[in-house]
Structure formats: C-alpha cells, structure tokens
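# Observations on the three-dimensional arrangement
Spelled out, the chains give:
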Amino acid sequence: MKINMTEALAIDMDRLGWVCRKCGHEHGPAEQNYKQGLLVYARDPRQVHRAIIDPQQYTQTFAPQPEWVRIIEYYCPQCALLVEAEYLPPGHPPVHDMQFDLASLRALAARTQEAGQ
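For the structure given in this document, a descriptive report is provided here. Small disclaimer: the values here were computed from a predicted structure and weren't measured.

### Structural notes on the pattern of salt bridges
Inspection of the entire model under this criterion finds 5 salt bridges. For Glu86, the salt bridge identified is with Lys35, shortest N-O distance 2.7 Å. Residue Glu86 is found in strand E7 (residues 82-88), and its partner Lys35 is found in the loop between strand E4 (26-29) and strand E5 (39-43); the two are separated by 51 residues along the sequence. For Lys35, a relative accessible area of 4% puts it in the buried group.

Okay, here's the thing in structure tokens:
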C-alpha cells in the first residue's frame, strides 16, 4: 500500500521507501531525506527573478543575489518530475523537511486496508 505524502511523493508502506507518484521510481528509505534519491539542479536566482530596476544604473535591483541565495530544484531521476524547490544559501545542505512516524503510518495503513476488505 502506498500513502501519498505530497503531490509528487508517496511512501510505499510495504518497503518503507519514498516513491514517485508519477512513475513509481523508488527514491530511497522513508527513514531518510527523500532528496537524497533525487536529481539536484542549483539555479542562479536571476534566472527566475529578473531585476526590477536597471542593473546598469543601480547595484541593488530588487532581485536575489546569487552570492546570498540559490534556488535548488529536485527532480525524479526517472521521469524528471519536479518534486521540490527550495531557496538556500550557497553551500547549505538540503533541508530535511519531512519526517514521519513510520510505525504509526504502517498501523494506519493496515487498519485502512482491513476496513476496505
């Protein structure tokens, strides 16, 4: 049984692993950060946030500076689904943003499966 956790990720309760909801690719153990099993692309924020005022005339253009922030995108390595994007300072490790009580989820999945039969 799979439990959907985000628009792009589910946890396979039989294997206790992260899986892509689009293609079913396994990303690694659910006890670990799902981002470890994804492709990573660090973008220059100026690719996304254009300068509001002329950078030829002003040093502060109201656009994020790449010395201060990067946009980190995480993709499924099999189907290229964008799973997550986060803004981080250069060199910062990926944020571990989801951690679940897997024993409780497994028990809930078992009760749900029993009720459905």
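### Topic: the sheet that holds strand E1 (residues 2-4)
Spatial ordering of the open sheet is given by E1-E2-E3-E4, a layout of 4 strands whose pairing is antiparallel. Each end of this open sheet is capped by a strand with a single partner; those strands are E1 and E4. Shown here is a sheet whose adjacent strand axes are inclined to one another by a mean of 30°, direction ignored. Looking at chain direction, strand E2 (residues 9-12) and strand E3 (residues 17-20) are connected through 4 bridges and run antiparallel. Bridge pairing in E3 links Ala10 to Val19.

### A short note on the packing of aromatic side chains
The final tally for this structure, using the stated rule, is 2 aromatic pairs. In this structure an aromatic cluster arises from ring pairing among Trp18, Tyr34 and Phe100.

### Points about the environment of Pro45
You can see Pro45 is positioned in the loop between E5 and strand E6 (70-75). With 49 residues separating them along the chain, Pro45 and Pro94 place their C-alpha atoms 17 Å apart. In contact with Pro45, other than residues within four places in its own chain, are Pro64, Gln65, Pro66, Val69, Arg70 and Ile71.

### Remarks on the nonpolar core
Core analysis: the largest hydrophobic core is formed by 18 residues, its most contacted members being Ile11, Met13, Trp18 and Tyr34. Mapped onto this core, the elements with two or more residues apiece are E2, E6, E7 and helix H1 (102-116). Among the elements that take part in this core, H1 stands out by supplying 3 residues, more than any other. Not counting chain neighbours up to four residues away, the residues in contact with Ile11 comprise Met1, Lys2, Ile3, Met5, Gly17, Trp18, Ala30, Phe100, Leu102 and Leu105.

### Points about the pairing of E7
In the sheet, E6 pairs with E7 via 6 bridges, with the strands oriented antiparallel. Counterpart to Ile72 in the pairing with E7 is Glu86. The hairpin turn running from E6 into E7, its antiparallel successor, is 6 residues long, and Ala80 in that turn takes a positive phi close to 65°.

Quick notes on the rules
- Per-chain numbering applies: the sequence of each chain, read as written, is numbered from 1 onward.
- This being a predicted model, a pLDDT of at least 70 is required before a residue's local features are given, and a value of 80 or more before pairs of side-chain atoms are given or counted; all residues contribute to the totals for chains, interfaces and linings.
- Side-chain numbers come from the whole structure's heavy atoms, not from hydrogens or water.
- By convention in these notes, a salt bridge is any Lys or Arg side-chain nitrogen within 4 Å of a carboxyl oxygen on Asp or Glu.
- Secondary structure follows DSSP: runs of H or I at least 4 residues long count as helices, runs of E at least 2 residues long count as strands, and numbering of each begins at the N terminus.
- The buried label applies to any residue whose accessible area, calculated with a 1.4 Å probe on protein chains only, is under 20% of its type's maximum; exposed applies above 50%, and partly exposed to all values in between.
- Only strands that DSSP links by at least two bridges are regarded as paired with each other.
- The axes are straight lines fitted to the C-alpha atoms, using for helices just the contacting stretch, and the angles between their N-to-C directions are given from 0 to 180°.
- Two rings belonging to Phe, Tyr or Trp (six-membered ring only in the last case) form a pair when the distance between their centres is within 6.5 Å. Interplanar angles under 30 degrees mark stacking, angles over 60 mark edge-to-face geometry, and anything in between is tilted.
- We call two residues in contact whenever any of their non-hydrogen atoms come within 4.5 Å of each other.
- Residues belong to a common nonpolar core when they are buried Ala, Val, Leu, Ile, Met, Phe, Trp, Tyr or Cys residues joined through side-chain atoms within 4.5 Å.

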